[in-house]
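A look at the structure
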Amino acid sequence: MKEKQQRYEALVHAFHADIYRYAYFLTREASIAEDIVQETFLRAWRSLDKLKDEKAAKSWLITILRRENARRFEKKQLDTVNIDEHEIADHTFESQDNLDSADLQRLISKLSEPYREPLILQLLFGFSGEEIAQELGLNKNTVMTRLFRARSQLKEILSKQYHPGGKQNG
Amino acid sequence: MDELTFRRRVYENPDTTDPEILRAAAEDPAKRLFLKETRQMNQRLKTAVNVDVPENLAHRLIWQQSAQQYNQQRRKQRWYVGVAASLALLIGITSSVWVMTPSDRLEDYALAHVTHLEKELPGSGYQTDLSLVNAKLASFGATLTDSIGDIEVANFCHLQLTRSLHVILNTPAGKMSVFVLPDDAGKELPDSFGNDIYEGKSFGVQKARIMVVGSKGADLTPLTEKLKHSIQFSA
């Protein structure tokens, strides 16, 4: 039991931050992200014996998290409003060079899930096209197309909301 | 390589080391600039996705697992006590043998959580307030309209398989815990319960069941009344 406890704690320390970040972009709501991360690690603890290879831990946790997120929609018990989606419509950026991380987070959150998820897997975990395809159960070509479209959409949103020369157009 | 194919492949993976892409960029200044700009943007995106992680998250993930394990062990211990008692029965000591049966009662889980309260309280500097509690209460369709006191921690926890919001408060009568549970999960709860150290009350409010737990003998009524007045549910 002690060994299992140590394995679990090592898993928490190594992955909780990136797993939380992934959950954050999946749910776009910090408190929900925290909640499903808790559920994810609780499930990971219960089935820790099934994890034979520590190298596979990251993608194992991602799989559990994605299932937890899907379960959230099955329950349909949440009654929350996504503030970010409303906020971004009126948000303009004075200069692409002045975009800070919060602006970019809002931009990423605006992408629809099929484009957002592969992009996050690539940015956060450095996954290759094959690894993303395996994680999401898609073929590699689909993943590559989605990554391309995700970046194209970011560019498009930016060019729509970017006011050249700052305030002179606004 | 034509412009479109080049752009597509760079967008698919700005960090690509594909020799074909690198060669195309070396030969054409426009492509070189595109690759450079896309990589710069990608670097900023990588920084942006590193959002702040809630303080003490690792600590809480380890705590919730310890609490679950503690409950499992308690059940096992009861099982051993049960076997010992059965053996005692077999050898003929039949008078007033107390056979403890495993408990699945939610109130016992709540008391176990309160017993381990100290572990849940983070080391220092962790602040929570009404808006954070309300963000978490939203998953029960509930909100608190007024302050219910000095909130120390608000965290989801599992009482057996039931997801509950556990709020810990500092009150004039010492630390108290509030558990908010879905109505259907909490319908079997007794109105009052307790053990040697703690006692609790439970009551229903529209779509939820609430438990308030404090030290044995502490007056739970002021907090109970505040909760009843302050909690509202969306239609």
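Residues numbered from 1 in each chain as written. Chains lettered and ligands numbered in written order. Predicted model: local features only at pLDDT ≥ 70, side-chain atom pairs only at ≥ 80, totals over all residues. Heavy atoms only, no water.

The next subject is the overall build of chain A. When helices and strands are counted, chain A shows eight helices and zero strands. In sequence order, chain A lays out its α and β elements as α-α-α-α-α-α-α-α. When burial is assessed residue by residue, chain A has 49% of its 170 residues classed as buried. Of the contacts formed within chain A by residues at least 6 apart in sequence, a portion of 68% connects residues at least 24 apart. Carbon and sulfur atoms provide 46% of the accessible area of chain A, an area that totals close to 8,700 Å². (Helix = DSSP H or I, 4+ residues; strand = E, 2+ residues; numbered from the N terminus. Buried < 20%, exposed > 50% of the residue type's maximum accessible area, 1.4 Å probe, protein only. Contact = heavy atoms within 4.5 Å. Areas by Shrake-Rupley, 256 points an atom, 1.4 Å probe, with all protein chains shown as cover.)

Within chain B, the secondary structure is distributed over eight helices and eight strands. Among the 235 residues that make up chain B, the fraction classed as buried is 46%. When the accessible area of chain B is evaluated, it comes to approximately 12,000 Å², of which 54% is carbon and sulfur surface.

Counted under the stated rule, the structure contains 20 salt bridges over all chains. The partner of R163 of chain B in a salt bridge is E39 of chain A, and the shortest N-O contact between them spans 3.7 Å. Of this pair, R163 of chain B sits in strand β3 (residues 162–171) while E39 of chain A is found in helix α2 (residues 30–46), placing the two residues in two different chains. As far as the burial class goes, R163 of chain B and E39 of chain A line up, both buried. Measuring nitrogen to oxygen at the nearest pair gives 3.0 Å for the salt bridge that ties E152 of chain B to K175 of chain B. Taken together, the positions of E152 of chain B in strand β2 (residues 150–159) and K175 of chain B in strand β4 (residues 174–182) put the pair 23 residues apart, joining distant regions of the chain. On the accessibility criterion, K175 of chain B (31% relative accessible area) is partly exposed. In the salt-bridge network here, residues are joined through shared partners; they are E34 of chain A together with R60 and K136 of chain B. (Salt bridge = Lys/Arg side-chain N within 4 Å of Asp/Glu carboxyl O.)

This brings us to the packing of aromatic side chains. Residues and elements named next belong to chain B. In this structure the tally under the stated criterion is nine aromatic pairs over all chains. Pairing Y11 with F34 gives two aromatic rings, centres 5.5 Å apart and planes at 40 degrees, and the pair type is tilted. In this pair, Y11 sits in helix α1 (residues 3–12) while F34 sits in helix α3 (residues 29–48), placing the two residues 23 residues apart along the sequence. Residue classification places F34 among the buried residues on the basis of a relative accessible area of 9%. Taking NZ or CZ as reference, R163 lies 5.9 Å from the ring centre of F140, over its face. (Phe/Tyr/Trp six-rings, centres within 6.5 Å; stacked < 30°, edge-to-face > 60°. Lys NZ or Arg CZ within 6 Å of the ring centre and 35° of its normal.)

Residue and element names in this part refer to chain B. The topology assignment puts N134 in helix α7 (residues 130–137). With a relative accessible area of 17%, N134 lands in the buried category. Looking at N134, its side chain comes within polar contact range of the main-chain nitrogen of L144, at 2.6 Å. Dropping the residues within four chain positions of it, N134 is found in contact with A142, T143 and L144. (Polar contact = N/O pair within 3.5 Å; in protein donor to acceptor, adjacent residues only side chain to side chain.)

We now examine the confidence of the model for chain A. Residues and elements named next belong to chain A. Per-residue confidence for chain A gives a mean pLDDT of 83, with 79% of residues at or over 70. Looking at the elements of chain A, mean pLDDT is at its lowest for helix α4 (residues 83–89), recorded as 43, and at its highest for helix α6 (residues 113–125), recorded as 95. Segment residues 78–90: pLDDT under 50, and 19 contacts once partners within four positions in sequence are set aside and those in other chains are kept. (pLDDT = per-residue confidence, 0-100.)

Across the sheet, six strands lie side by side as β2-β3-β4-β7-β6-β5 (chain B); this open sheet has antiparallel pairing. Taken across any chain shown, the strands that pair with only one partner, and hence form the sheet edges, are β2 and β5 (192–194) of chain B. Taking the axes of each pair of neighbouring strands and ignoring which way they run, one obtains an average angle of 20 degrees across the sheet. α2 of chain A contacts β2 and β3 of chain B of the sheet and is inclined by roughly 45 degrees relative to β2 of chain B. In the packing of helix α5 (residues 106–115) of chain B onto the sheet, contacts are made with β2, β3, β4, β5, β6 (198–205) and β7 (208–215) of chain B, and the angle to β2 of chain B comes to roughly 130 degrees. (Pairing = 2+ DSSP bridges. Axes fitted to C-alpha atoms, helices over the stretch in contact; angles between N-to-C directions.)

Core analysis: the largest hydrophobic core is formed by 56 residues, its most contacted members being Y22 and V37 of chain A. For this core, the element with the most residues is helix α1 (residues 2–27) of chain A, which contributes eleven residues. Among the domains, domain 1 (2–75) and domain 2 (83–169) of chain A are the pair contributing at least three residues each to this core. What V37 of chain A contacts, discounting residues up to four positions off in sequence, is I19, Y20, A23 and L65 of chain A together with L57 and L61 of chain B. Of all hydrophobic cores here, the second largest spans 26 residues; its members include A154, V178, V205 and L220 of chain B. (Core = buried A, V, L, I, M, F, W, Y, C linked by side-chain atoms within 4.5 Å. Domains from an automatic or database assignment.)

Let's shift gears to the packing of α1 of chain A against α6 of chain A. Residue and element names in this part refer to chain A. Two elements in contact, α1 and α6, have axes whose closest approach is 10 Å; the angle formed by their N-to-C orientations is 160 degrees. Relative to α6, α1 is oriented roughly antiparallel. When you trace α1 past α6, the crossing you get is right-handed. Counted together, D18, R21, Y22, F25 and L26 of α1 and E113, R116, E117, I120, L121, L124 and F125 of α6 form the full contact between these two elements. For the contact of α1 with α6, the residue count by class is seven nonpolar, no polar and five charged. (Parallel < 35°, antiparallel > 145°, perpendicular 65-115°, else oblique. Left-handed = near helix turned anticlockwise from the far one by under 90°. Nonpolar A, V, L, I, M, F, W, Y, C, P; charged D, E, K, R; others polar.)

Residue and element names in this part refer to chain B. The N-to-C vectors of α1 and α3 enclose an angle of 20 degrees; their axes lie 10 Å apart at closest approach. For the element pair α1 / α3, the angle class is roughly parallel. Along this stretch, α1 crosses α3, giving a crossing that reads as right-handed. Listed contacts from α3 to E3, F6, R7, V10 and Y11 of α1 are K31, F34, L35 and T38.

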